[in-house]
Amino acid sequence: MVLEIVNQHQEDLAQAVIRELRPRAVGIQPNFDAQLPPAATLCWLPAVMAPVDELVNGLVSYVDQSPVPSQKLVVLTAAGICGDLTSEQEQQLYGKHYEDVIYAHQYAVKMIDELELPYTAVRVPEVIPEKTKAAVTAEGEPLAGLQVGRQQLASLLATAMTTDRYVNQSIGLGGQKNDN
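Residues numbered from 1 in each chain as written. Predicted model: local features only at pLDDT ≥ 70, side-chain atom pairs only at ≥ 80, totals over all residues. Heavy atoms only, no water.

## Details of the overall build of the protein chain
Item 1. Each helix and strand in the protein chain was counted, giving 5 helices and 9 strands.
Item 2. Reading the secondary structure of the protein chain in the N-to-C direction produces β-α-β-β-α-β-α-α-β-β-β-β-α-β.
Item 3. A compact globule built from 180 residues should have a C-alpha radius of gyration of about 16 Å, and the protein chain, at 15 Å, falls within 12% of that.
Item 4. Considered along the principal axes of its C-alpha atoms, the protein chain spans approximately 45 × 35 × 25 Å.
Item 5. Counting only residues that meet the buried cut, the protein chain has 50% of its 180 residues in that class. (Helix = DSSP H or I, 4+ residues; strand = E, 2+ residues; numbered from the N terminus. Rg over C-alpha atoms; globule rule 2.2 N^0.38 Å. Buried < 20%, exposed > 50% of the residue type's maximum accessible area, 1.4 Å probe, protein only.)

## Points about the environment of Asp-12
Item 1. Its location among the elements puts Asp-12 in helix H1 (residues 11-21).
Item 2. A relative accessible area of 44% places Asp-12 in the partly exposed class.
Item 3. For the pair formed by Asp-12 and Ala-154, sequence separation is 142 residues and the distance between their alpha carbons is 9.8 Å.

## Some thoughts on helix H5 (residues 150-162)
Item 1. Helix length check: H5, at 13 residues, gives a terminal C-alpha distance of 18 Å against a target of 18 Å (1.5 Å per residue), a fit within 8%.
Item 2. For H5, the complete set of buried residues consists of Arg-150, Gln-152, Leu-153, Ala-154, Leu-156, Leu-157, Ala-158, Ala-160 and Met-161. (Expected span 1.5 Å × (residues − 1).)

## Describing the pattern of salt bridges
Item 1. As enumerated under the stated definition, the model contains 4 salt bridges in all.
Item 2. Here Asp-164 makes a salt bridge to Lys-72, at a shortest N to O gap of 3.9 Å. With Asp-164 in the loop between H5 and strand S9 (169-177) and Lys-72 in strand S4 (residues 72-78), this pair connects stretches of sequence that are 92 residues apart.
Item 3. According to the relative accessible area criterion, Lys-72 is buried, its value standing at 6%.
Item 4. Residue Lys-110 pairs with Glu-114 through a salt bridge whose shortest N-O separation is 3.5 Å. Note that Lys-110 and Glu-114 are positioned in helix H4 (residues 98-114) at a spacing of 4 residues, about one turn of the helix.
Item 5. Here Glu-114 falls in the partly exposed class, since its relative accessible area comes to 48%. (Salt bridge = Lys/Arg side-chain N within 4 Å of Asp/Glu carboxyl O.)

## Looking at the side chain of His-105
Item 1. Its place among the elements puts His-105 in helix H4.
Item 2. Here the side chain of His-105 touches Val-48 through a polar contact of 2.8 Å, landing on its backbone oxygen.
Item 3. Within the structure, His-105 has its side chain in polar contact with the side chain of Thr-77 (distance 2.9 Å).
Item 4. The residues touching His-105, leaving out its near neighbours within four places in the chain, are Ala-47, Val-48, Val-52, Thr-77, Ala-78 and Ile-81. (Polar contact = N/O pair within 3.5 Å; in protein donor to acceptor, adjacent residues only side chain to side chain. Contact = heavy atoms within 4.5 Å.)

## Focus: the pairing of strand S5 (residues 119-124)
Item 1. Where burial is concerned, most of S5 is hidden: 6 out of the 6 residues are buried.
Item 2. Burial along S5 is two-sided: Tyr-119, Ala-121 and Arg-123 and Thr-120, Val-122 and Val-124, pointing in opposite directions, are all buried.
Item 3. The sheet contact formed by S5 and S9 spans 4 bridges and is parallel. Across the sheet, the residue bridging to Arg-123 is Gly-172, located in S9. (Pairing = 2+ DSSP bridges.)

## So, unusual backbone geometry
Item 1. For the peptide bond that leads from Arg-22 to Pro-23, omega is 10°, which places it in the cis range.
Item 2. With respect to the helices and strands, the residue Pro-23 is situated in the loop between H1 and strand S2 (26-29).
Item 3. In this model, Glu-116 sits at a positive phi of 55°, which is unusual for a non-glycine residue.
Item 4. Mapped onto the elements, Glu-116 comes out in the loop between H4 and S5.
Item 5. Glu-116 gets classed as exposed once you look at its relative accessible area, which sits at 70%.
Item 6. The phi dihedral of Asn-168 falls on the positive side, at around 60°, and the residue is not glycine.
Item 7. On the secondary structure map, Asn-168 appears in the loop between H5 and S9.

Structure follows, in structure tokens:
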């Protein structure tokens, strides 16, 4: 299994995913300029506030130019794109231009869906360094909270990359800080 991460998010998250995937070898790229290894499982970690509606074009080209199609795509996306947050929660997370953030991520996921490859979209609210109680939710279900621990997210991304557990799904991961 060839695993590749395009990290446009936080370096700490990419490193946490790599730790979860050990002892497997994982390639890591900062953008879509390199050539995607043949038959790779690709994980894209864009920054939530990045112009993902524009960046997704690089992802599409990256995948289309590979001589052997990708096995699967796993993409990190903003919570709220599937009715899993209230507009008040979206504004709390993304500020006054929250609708633009939501629309950009919805567009990116639609473009990924159009590639007709197996994929998993992982919708997350604020990612924090501390451990949280975390729960996976289906599309349209409210998130369990507005924060999720980096380690819990890394574990879920690694599972999505290496198994068929969440294939062709948009899943949410939300939680709250542990009380201890």
